[in-house]
2 protein chains.
Amino acid sequence: MGDIRLIEVKEEILSDNIKQAAEVRERLRKTKTLLLNLMSSPGSGKTSLILQTVESLKGAMRIGVIEADIDSTVDAEKVAARGVPALQLRTGGFCHLDATMVTQGVDALAVKELDLVIIENVGNLVCPAEFDTGAHKNVMILSVPEGDDKPLKYPLMFSVCDLLVVNKIDYLSLSDFDMAAFRRRALSLNSRITILEVSCKTGAGIRGWIDWLKSEVAAFKGLE
Amino acid sequence: MGDIRLIEVKEEILSDNIKQAAEVRERLRKTKTLLLNLMSSPGSGKTSLILQTVESLKGAMRIGVIEADIDSTVDAEKVAARGVPALQLRTGGFCHLDATMVTQGVDALAVKELDLVIIENVGNLVCPAEFDTGAHKNVMILSVPEGDDKPLKYPLMFSVCDLLVVNKIDYLSLSDFDMAAFRRRALSLNSRITILEVSCKTGAGIRGWIDWLKSEVAAFKGLE
């Protein structure tokens, strides 16, 4: 009984979420605001990549950030300190964001004046992959110290993303991370995924990430 | 409606899990088999620590390993290659282990001939902290590249663990990880937690971990 009821409820909630996600996506399509969902394990560099991004695109693009955390507001504070509209969603134990939570974030930001809103999802390589947030693009970070075997272990996350950022390449010298094997594993799960190698610490590869973002925002604004 | 039903079901499942966890714990108390639940983010070094452990304790202690992964059997294969009884639980998308899954693992190992069974939980700093697996001791790993702010963001995990292993201290030279600040943050959440610093790669600090394990197993066997 327990199992059957759980499945019913989960399906009901997931179907609500799919509807809500479609609404968010459509709403931001109208305001020409690209919504980007950034996911990774804890400590892979989501906040660092966002800080690099707002620094690089200051003046060129109007950016807002929705930070999610189970607890604490440290990330939103760091982003806001750069003069970017930032909002902290505290999930209170929830292990992922869903479209309803993102809607609350979007409501609180003046999105129609923004070109790009980046959602920093909860640090978790599992659950966030299961819930459509309403984002137009899904991006994941995998950092070198996490190891090159992660596509084998967390396949769904690699499957749902448009872009895979390999961060902390400055650690490659201390690591046995096999980039060729990692790329093969990721591409075998998702042949259309774009893979970029960066170091948020040294700035290596960040130009490629910024170019990708600019091109995605431009393409999105060109859509009717 | 959806919310209310979800809460009912979750409570029902959690209360079932608490009962099941108590049963596993009692069953292994009778066979004097210490059950240890190892948790961390993806890539923090759970499998590496287990491999170091079976290598160090070979001959001194009879160890079994229950590996959990959403997909793949690579971890169990690595452990089994060292001649240790190992079992892979594939959670099929589930983001954590619960006591029922652990019971299946315990059923499949000849536990009464083992002194120590280590569960490698799903790589996730959120959900596994919420579910009692039936383990007698909970251990978490936090690796240096994940950052010293993680206690602020994932407080529950730090709160439920008896031991915190800080892994990858060989990365400290490349990192701005502040060990003193990290220790303060972890201890403010859980004043009774033991903190050990190790590098599974270089072997630094592993002796302290092995000593802790030996002393816990000895104390457990001495219990009536």
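Heads up: these notes are all about the structure in this document. (Residues numbered from 1 in each chain as written. Chains lettered and ligands numbered in written order. Predicted model: local features only at pLDDT ≥ 70, side-chain atom pairs only at ≥ 80, totals over all residues. Heavy atoms only, no water.)

### Thoughts on the pairing of strand β5 (residues 137-143) of chain B
Residues and elements named next belong to chain B. Judged by how many residues are buried, β5 sits mostly within the fold: six of seven residues are covered. Two strands pair when backbone bridges link them, and strand β1 (residues 34-39) and β5 are joined in this way by four bridges, in the parallel orientation. Note on β5: the bridge partner recorded for Met39 is Met140. Inspection of the sheet shows β5 paired to strand β6 (residues 163-167) by five bridges, in the parallel sense. Among the inter-strand pairings, Leu142 is bridged to a residue of β6, identified as Val166. (Buried < 20%, exposed > 50% of the residue type's maximum accessible area, 1.4 Å probe, protein only. Helix = DSSP H or I, 4+ residues; strand = E, 2+ residues; numbered from the N terminus. Pairing = 2+ DSSP bridges.)

### Some remarks on the relation of the copies chain B and chain A
Take chain B, turn it by 180°, move it 0.0 Å along the axis, and it overlays chain A with an RMSD of 0.0 Å. Taken together, these values place the two copies in the relation of a two-fold axis. (Least-squares fit on C-alpha atoms with pLDDT ≥ 70 in both.)

### Describing the sheet that holds strand β2 (residues 63-69) of chain A
Two modes of strand pairing occur in sheets, parallel and antiparallel, and in both the strands are linked by backbone hydrogen bonds. All names here are of chain A. Spatially, seven strands are ordered β3-β2-β4-β1-β5-β6-β7 in an open sheet, and the strand pairing comes out parallel. The strands lining the two open edges of the sheet, one partner per strand, are β3 (86-90) and β7 (194-197). Averaged over all adjacent pairs, the angle separating strand axes in this sheet is 20°, with direction ignored. Sitting on the sheet, helix α2 (residues 46-57) is in contact with β1 (34-39), β2, β4 (116-120), β5 (137-143) and β6 (163-167), with an inclination near 170° to β2. The sheet strands contacting helix α8 (residues 206-222) are β1, β4, β5, β6 and β7, and the helix crosses β1 at an angle near 145°. (Axes fitted to C-alpha atoms, helices over the stretch in contact; angles between N-to-C directions. Contact = heavy atoms within 4.5 Å.)

### A few points about empty space enclosed by the protein
Taken as a whole and judged by the stated rule, the model has one cavity of 30 Å³ or more. Its volume calculated, the largest cavity comes out at about 70 Å³. As for the largest cavity, its lining consists of 16 residues, of which A:Ser143, A:Pro145, A:Glu146, B:Ser143 and B:Glu146 are closest to the centre. Looking at the lining of the largest cavity residue by residue, the class counts come to four nonpolar, eight polar and four charged. (1 Å grid on protein atoms, 1.4 Å probe; cavity = no way out; pocket = protein on both sides within 12 Å on 5 of 7 lines; lining within 4 Å. Points joined across faces, edges and corners; volume = space filled by probe spheres on them. Nonpolar A, V, L, I, M, F, W, Y, C, P; charged D, E, K, R; others polar.)

### Details of the packing of helix α2 (residues 46-57) of chain B against helix α8 (residues 206-222) of chain B
All names here are of chain B. The contact between α2 and α8 brings their axes to 11 Å, and the two run at 70°. As far as their axial angle goes, α8 and α2 are roughly perpendicular. Taken as a pair, α2 and α8 cross one another with a handedness that is right-handed. Between α2 and α8, the residues in contact are Leu49, Gln52, Thr53, Ser56 and Leu57 and Ile206, Trp209, Ile210, Leu213 and Lys214, respectively. When its residues are assigned to classes, the contact of α2 with α8 shows six nonpolar, three polar and one charged. (Parallel < 35°, antiparallel > 145°, perpendicular 65-115°, else oblique. Left-handed = near helix turned anticlockwise from the far one by under 90°.)

### Points about the state of the cysteines
For the structure shown, the criterion picks out zero disulfides over all chains. Considering cysteine sulfurs only, A:Cys127 is the nearest to A:Cys161, which forms no disulfide, with 14 Å between them. In this model B:Cys200 remains outside any disulfide bridge; the closest cysteine sulfur is found in B:Cys161, 16 Å from its own. (Disulfide = S-S within 2.5 Å.)

### Notes on the interface of chain B and chain A
Often the size quoted for an interface is simply the accessible area lost on bringing the parts together. Taken together, the contact pairs 41 residues of chain B with 41 residues of chain A. A buried area of about 3300 Å², summed over both sides, lies between chain B and chain A, and 57% of it is on carbon and sulfur atoms. Run the count over chain B and chain A and you get two salt bridges. Among the ionic pairs, B:Asp75 bridges to A:Lys153, the shortest N-O distance being 2.6 Å. Run the count over chain B and chain A and you get eight residue pairs in polar contact (both at pLDDT 80 or more). (Buried area = accessible area lost by both parts, 1.4 Å probe. Salt bridge = Lys/Arg side-chain N within 4 Å of Asp/Glu carboxyl O. Polar contact = N/O pair within 3.5 Å; in protein donor to acceptor, adjacent residues only side chain to side chain.)

### Structural notes on the sheet that holds β5(B)
Residues and elements named next belong to chain B. Strand order in the open sheet made by the seven strands is β3-β2-β4-β1-β5-β6-β7, with parallel pairing throughout. Each edge of the sheet is formed by a strand with only one pairing partner; in this case those strands are β3 (86-90) and β7 (194-197). Ignoring strand direction, the axes of neighbouring strands in this sheet form an average angle of 20°. Contacting β1, β2 (63-69), β3 and β4 (116-120), helix α4 (residues 99-108) runs over the sheet at an angle of about 150° to β3. On top of the sheet, α8 reaches β1, β4, β5, β6 and β7; it is set at about 145° to β1, its chief contact.

### Some thoughts on the nonpolar core
Within the largest apolar cluster, 83 residues are counted, with the highest numbers of intra-cluster contacts made by A:Leu164 and B:Leu164. If we skip the residues at most four places from it in the chain, B:Leu164 touches B:Met140, B:Leu142, B:Phe158, B:Phe182, B:Ala186, B:Ile193, B:Thr194, B:Ile195 and B:Leu196. (Core = buried A, V, L, I, M, F, W, Y, C linked by side-chain atoms within 4.5 Å.)

### Here we look at α8(A)
Residues and elements named next belong to chain A. The end-to-end C-alpha separation of α8 is 24 Å, in line with the 24 Å expected for 17 residues at 1.5 Å each. All buried positions along α8 are accounted for by Ile206, Trp209, Ile210, Trp212, Leu213, Glu216, Val217 and Phe220. Within α8, the buried residues cover an arc of 160° as seen down the axis, which keeps them to one side. (Expected span 1.5 Å × (residues − 1). Arc of directions from axis to C-beta.)

### A short note on unusual backbone geometry
Peptide bonds are, in most cases, trans, and in most cases residues other than glycine have a negative phi. Residue and element names in this part refer to chain A. Notably, Lys32 is not glycine yet its phi reads approximately 55°, a positive angle. Its location among the elements puts Lys32 in the loop between α1 (2-30) and β1. The backbone of Lys168 sits at a positive phi, close to 65°, despite the residue not being glycine. Here Lys168 shows up in the loop between β6 and α7 (179-189).

Structural measurements only, silent on function.
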